[in-house]
Amino acid sequence: MESSWGQSQLYKEAKNPFGMKGSYNGQSELFPTKEYENGKEVTIKDYFRVYPNLKAAILDHDLVVYRQFITTKTTNYATAAKELQTNGYATDPSYAKKLINMIKSYRLARFDSY
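Predicted model, so just to flag it, every value in this text is computed and none were measured.

Thoughts on the packing of aromatic side chains
Phase 1: Scanning all chains against the criterion turns up 5 aromatic pairs.
Phase 2: Considering the side-chain rings of Trp5 and Tyr106, the 5.3 Å spacing of their centres and the 65° angle between planes classify their relative orientation as edge-to-face. Taken together, the positions of Trp5 in the segment before helix 1 (9–14) and Tyr106 in the segment after helix 4 (95–105) put the pair 101 residues apart, joining distant regions of the chain.
Phase 3: Here Trp5 falls in the exposed class, since its relative accessible area comes to 58%.
Phase 4: Measuring from centroid to centroid gives 5.8 Å for Tyr89 and Tyr95, while their planes differ by 55°, and the two rings are tilted.
Phase 5: Given a relative accessible area of 16%, Tyr89 falls into the buried group.

What follows is the structure in structure tokens.
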């Protein structure tokens, strides 16, 4: 969702499919991003992590999400999506709903294993 199916500038140039802000091993680059401030969508520039490869991006994303954004031991994707939004992973007020709808539409839960 964050990388526009791998077509975003952030994904193509920084190998950052999840829109992870900050830096990775000291590597970051300024990119435009849409955020919600006071309920309104605005476009700003912010620093995003630049990864050496997709594997590093996935491992880093999983670690950050585990440490900061999903604080329960849930295995339910809807609960996890709501936690991501509640804990500030995304500023879009519809983020959890969009993520849940994408998981349902593409039947992505079939890839879950516990």
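Moving on from the coordinates now.
Focus: helix 4
Phase 1: The complete set of buried residues in helix 4 reads Tyr95, Ala96, Leu99, Ile100, Met102 and Ile103. Projected onto a plane normal to the axis of helix 4, the buried residues spread over an arc of 160° and lie on a single side. Of the exposed residues in helix 4, those oriented more than 90 degrees away from the buried face are Lys97, Lys104 and Ser105.
Phase 2: Contacts made by the buried residues of helix 4 are with helix 3 (77–86).

Cut-offs used in this document
- Residues numbered from 1 in each chain as written.
- Predicted model: local features only at pLDDT ≥ 70, side-chain atom pairs only at ≥ 80, totals over all residues.
- Heavy atoms only, no water.
- Phe/Tyr/Trp six-rings, centres within 6.5 Å; stacked < 30°, edge-to-face > 60°.
- Helix = DSSP H or I, 4+ residues; strand = E, 2+ residues; numbered from the N terminus.
- Buried < 20%, exposed > 50% of the residue type's maximum accessible area, 1.4 Å probe, protein only.
- Arc of directions from axis to C-beta.
- Contact = heavy atoms within 4.5 Å.

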